[in-house]
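Listed below, chain by chain, are the residues.
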Amino acid sequence: DAQSALNALQVGGRNLFTNSKTLPWAFGSNSNATVTVEDFDANTKMYHIKSDKGHGQSAGMYIWGFCTERGLPKGSNWSFSADIKGTGYINNFGAEGSTNVVTKGAIGTDWSRLSQSGVASNADHISLIMYFDTDKSAVDVYIKLPKLEIGNMPTAYTQAPEDIVQDYTNRDNQITQSFTQ
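Keep in mind it's a predicted model, so treat the numbers as computed, not measured.

Rules used in this analysis
Residues numbered from 1 in each chain as written. Predicted model: local features only at pLDDT ≥ 70, side-chain atom pairs only at ≥ 80, totals over all residues. Heavy atoms only, no water. Helix = DSSP H or I, 4+ residues; strand = E, 2+ residues; numbered from the N terminus. Buried < 20%, exposed > 50% of the residue type's maximum accessible area, 1.4 Å probe, protein only. Areas by Shrake-Rupley, 256 points an atom, 1.4 Å probe, with all protein chains shown as cover. Core = buried A, V, L, I, M, F, W, Y, C linked by side-chain atoms within 4.5 Å. Contact = heavy atoms within 4.5 Å. Phe/Tyr/Trp six-rings, centres within 6.5 Å; stacked < 30°, edge-to-face > 60°. Lys NZ or Arg CZ within 6 Å of the ring centre and 35° of its normal. Pairing = 2+ DSSP bridges. Axes fitted to C-alpha atoms, helices over the stretch in contact; angles between N-to-C directions. Salt bridge = Lys/Arg side-chain N within 4 Å of Asp/Glu carboxyl O. pLDDT = per-residue confidence, 0-100.

**Describing the overall build of the protein chain**
When you go through the protein chain residue by residue, the secondary structure sums to three helices and 10 strands. Shown N-terminal to C-terminal, the secondary structure of the protein chain runs as helices and strands in the order α-β-β-β-β-α-β-β-β-β-β-β-α. Here the protein chain holds 181 residues, and 38% of them are scored as buried. Total accessible area on the protein chain is roughly 9400 Å²; 51% of this is exposed by carbon and sulfur atoms.

Rendered as structure tokens:
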């Protein structure tokens, strides 16, 4: 019933990814995809994933063990979201090896927020994946502002609390330096 469905919603809100605007993490690519980190603006980086047509349904990128290293407990509900635009067909997006309804479909040429929810598997290393189906078309996509949160209902993008504290600390240090000069 409707009340049971409402009771089952779990809203997290806290971004488990620190530095989600600058994307400093090591990543791998597969199925002939090339992945680069490029500037979106002066403060935000984005992934650029490209692959020719005909390299299978898992062309894209992964960050090995990333979800478990960021505090996603085994067996927990999760939501992953990111801004995305470009051309291509998404095949799998989120925490690899999870129980979830796999997000599939075409990517648009305007920025939109893509979200996926699931339940973390019992694997020792839950990797973040962004895979595309190059059997359908070539891939040329941009991805920015990723957010992983505990819960089955994605929320709007926010930085991790540690990033916000670091921003204030940096600004405070700049102000202090300007007064002492």
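**Let's talk about the nonpolar core**
Of all hydrophobic cores here, the largest spans 32 residues; its most connected members are Tyr47, Ile49, Phe80, Met130 and Phe132. The contact partners of Tyr47, leaving out residues within four places of it in the chain, are Leu23, Trp25, Phe27, Val35, Thr36, Val37, Met61, Ile63, Met130, Val141, Tyr142 and Ile143.

**Some remarks on the packing of aromatic side chains**
All chains considered together, the criterion is met by five aromatic pairs. Summarising the aromatic geometry, the rings of Phe40 and Trp111 are spaced 5.7 Å apart at their centres and angled 90° between planes, so their arrangement reads as edge-to-face. Taken together, the positions of Phe40 in the loop between strand S2 (34–39) and strand S3 (45–51) and Trp111 in the loop between strand S7 (105–106) and strand S8 (112–119) put the pair 71 residues apart, joining distant regions of the chain. Ring centres of Phe80 and Phe93 lie 4.7 Å apart, and the angle between their planes is 50°; this geometry places the pair in the tilted category. You can see Phe80 sitting in strand S5 (residues 77–87) and its partner Phe93 sitting in strand S6 (residues 89–95), a full 13 residues away along the chain. Each member of the pair, Phe80 as well as Phe93, carries the same accessibility label: buried. One cation-aromatic arrangement involves Lys144 over Phe40; the distance from NZ or CZ to the ring centre is 4.3 Å. Across the ring face of Trp111, the terminal group of Lys144 is positioned such that the distance to the ring centre comes to 4.6 Å.

**Concerning the sheet that holds S5**
Reading across the sheet, the five strands line up as S2-S3-S10-S5-S8 and stay open at both edges, with antiparallel pairing between neighbours. Edge strands, defined here as strands with exactly one partner in the open sheet, are S2 and S8. For this sheet the average axis-to-axis angle between neighbouring strands, irrespective of direction, equals 30°.

**A few points about the pattern of salt bridges**
Following the criterion strictly, the structure yields five salt bridges and no others. Here Lys45 and Asp39 are joined by a salt bridge, their closest N and O atoms 2.5 Å apart. Under the relative-accessibility criterion, Asp39 is labelled exposed at 51%. One connected set of salt bridges, linked through shared partners, spans Asp83, Arg113 and Lys144.

**Some words on the confidence of the model for the protein chain**
Interpreting fine coordinate detail is not advised for predicted regions of low pLDDT. With 78% of its residues at a pLDDT of 70 or more, the protein chain shows a mean pLDDT of 82. Considering each helix and strand of the protein chain separately, the mean pLDDT is smallest for helix H1 (residues 2–8), with a value of 51, and largest for S3, with 97.

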